[in-house]
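Breakdown of the fold
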Amino acid sequence: MPVDASLVGRTYPPTRPYPVSEAKVRELAATTGADWDGGPVPPTFPILLAFEAMNAFLEAEGVELARIVHGDQKFRYERPLRVGDVLTAALTVASVRSIGGNDVIGTTSEVRDADGALVCATSATLVHRGGAA
Amino acid sequence: MTLEAGTTLPTQTFVVRRADLVRYAGASGDLNPIHWSDRVAMAVGLPGVIAHGMYTLALAARAVATWTDDAEVLELGAKFTAPVVVPDDDTGVSVEVAGEVASVEDGRATLRLTVTSEGQKVLGMPKAVVRA
């Protein structure tokens, strides 16, 4: 079992600094059919940071991405994201439970700006589907 | 739109096709093959390719932006309780986002959402809090 309770409380190194660009905001907004014109950055944007932090965590623990199903995701914003922000995310393993042959991993990630100020706190539950892995 | 507790928000419908998932995969960086390969999705026990939960949540967030005229979002979240299976055809599948204003207090409006596909709820307790 690649994921076990000994990981609870561990915080992984922050992701490399990520500059929020107009092009990326427009590209992500367009996936929902929106034509972004300089308005608010879509609130799901920090998933880019959280996802990179999650990938680094899975890679560090040798977990195959295709066996992960996303159980939930919650965001709490300290302030709106802005084009020009340079952000990092650091993931902490909050909980690991084994339910019906699956590992259910609770994570939290803090997204911070270049000054180190918290922009967004996000939590995700990752379900690692057991089986032949 | 003025946000008043008890207001029912007009349901918004989005059509999701396989190409939308490929586009979202590229834009988000979530290249998990369960969102574009039936072969891999079925190998891990899914009924077929499923939408990224975050894509469904992004559609819900777009509905919130439309309802609230781009109000500042303070909180957003949901459980991904049922998969949205997206067939490899030209029709795709519909996702409906309904909502109501649950409360307005201290400058914060809480919107309780209901997100369904094919008549089934696909998000658990989807919620957004916006600055009112």
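Residues numbered from 1 in each chain as written. Chains lettered and ligands numbered in written order. Predicted model: local features only at pLDDT ≥ 70, side-chain atom pairs only at ≥ 80, totals over all residues. Heavy atoms only, no water.

Once that is clear, we can look at the UniProt feature "domain: MaoC-like" (unreviewed entry) in chain B. As annotated in UniProt, the feature "domain: MaoC-like" (unreviewed entry) corresponds to residues 11-103 of chain B in the numbering used here. Within residues 11-103 of chain B, the helical portion is 34% and the strand portion 27%, while the C-alpha atoms at the span's ends are 18 Å from each other. (UniProt positions renumbered as here; feature names shortened; annotations may be inferred. Helix = DSSP H or I, 4+ residues; strand = E, 2+ residues; numbered from the N terminus.)

Moving on: helix H1 (residues 22-30) of chain A. Where H1 of chain A is concerned, the buried positions are Lys24, Val25, Leu28 and Ala29 of chain A. The buried residues of H1 of chain A all sit within an arc of 130° when viewed along its axis, so they share a single face. Residues of H1 of chain A that are buried make contact with strand S1 (18-19) and helix H2 (47-60) of chain A together with helix H1 (18-28) of chain B. (Buried < 20%, exposed > 50% of the residue type's maximum accessible area, 1.4 Å probe, protein only. Arc of directions from axis to C-beta. Contact = heavy atoms within 4.5 Å.)

Okay, the interface of chain A and chain B next. Contact residues are listed per partner, giving 29 residues for chain A and 32 residues for chain B. Surface buried jointly by chain A and chain B totals about 2,600 Å² across both partners, of which 62% is contributed by carbon and sulfur atoms. Considering only the surface of chain A that becomes buried against chain B, Thr31, Thr32 and Ala66 of chain A emerge as the three largest contributors, covering 21% of it. The tally of links between chain A and chain B comes to zero salt bridges. (Buried area = accessible area lost by both parts, 1.4 Å probe. Salt bridge = Lys/Arg side-chain N within 4 Å of Asp/Glu carboxyl O.)

To continue, consider the pairing of strand S5 (residues 118-128) of chain A. Residue and element names in this part refer to chain A. Most of S5 sits out of view: nine of its 11 residues are buried. Here strand S2 (residues 68-77) pairs with S5 via nine bridges, running antiparallel. Paired with Lys74 across the two strands is Ser123, which belongs to S5. Alignment of strand S4 (residues 102-112) against S5, held across 10 bridges, turns out to be antiparallel. Residue pairing in the sheet places Asp103 in a bridge with His128 of S5. Connecting S4 to the next strand, S5, in antiparallel fashion are five residues, including Gly116 with a positive phi near 85°. (Pairing = 2+ DSSP bridges.)

Its location among the elements puts Gly45 of chain B in the loop between helix H2 (38-43) and helix H3 (53-67). Judged by its relative accessible area of 54%, Gly45 of chain B is exposed.

Residues and elements named next belong to chain A. Applying the stated criterion to the full structure yields 13 salt bridges over all chains. Between Glu61 and Arg10 there is a salt bridge; the shortest N-O distance is 3.6 Å. Of this pair, Glu61 sits in the loop between H2 and S2 while Arg10 sits in the segment before S1, placing them 51 residues apart in sequence. Look at Glu61 and you get buried, because its relative accessible area is 18%.

All names here are of chain A. For the coordinates displayed, the defined rule picks out four aromatic pairs over all chains. When the centroid spacing of 6.3 Å and the interplanar angle of 55° are considered together, the rings of Tyr18 and Phe45 count as tilted. Here Tyr18 is found in strand S1, whereas its partner Phe45 is found in the loop between H1 and H2, with 27 residues between them in sequence. An identical accessibility class is assigned to Tyr18 and Phe45; each is buried. (Phe/Tyr/Trp six-rings, centres within 6.5 Å; stacked < 30°, edge-to-face > 60°.)

As a further point, take the side chain of Ser109 of chain A. All names here are of chain A. On the secondary structure map, Ser109 appears in strand S4. What makes Ser109 buried here is its relative accessible area of 5%. Every residue in contact with Ser109, bar those within four places of it in the chain, is listed here: Ala53, Ala90, Leu91, Cys120, Ala121 and Thr122.

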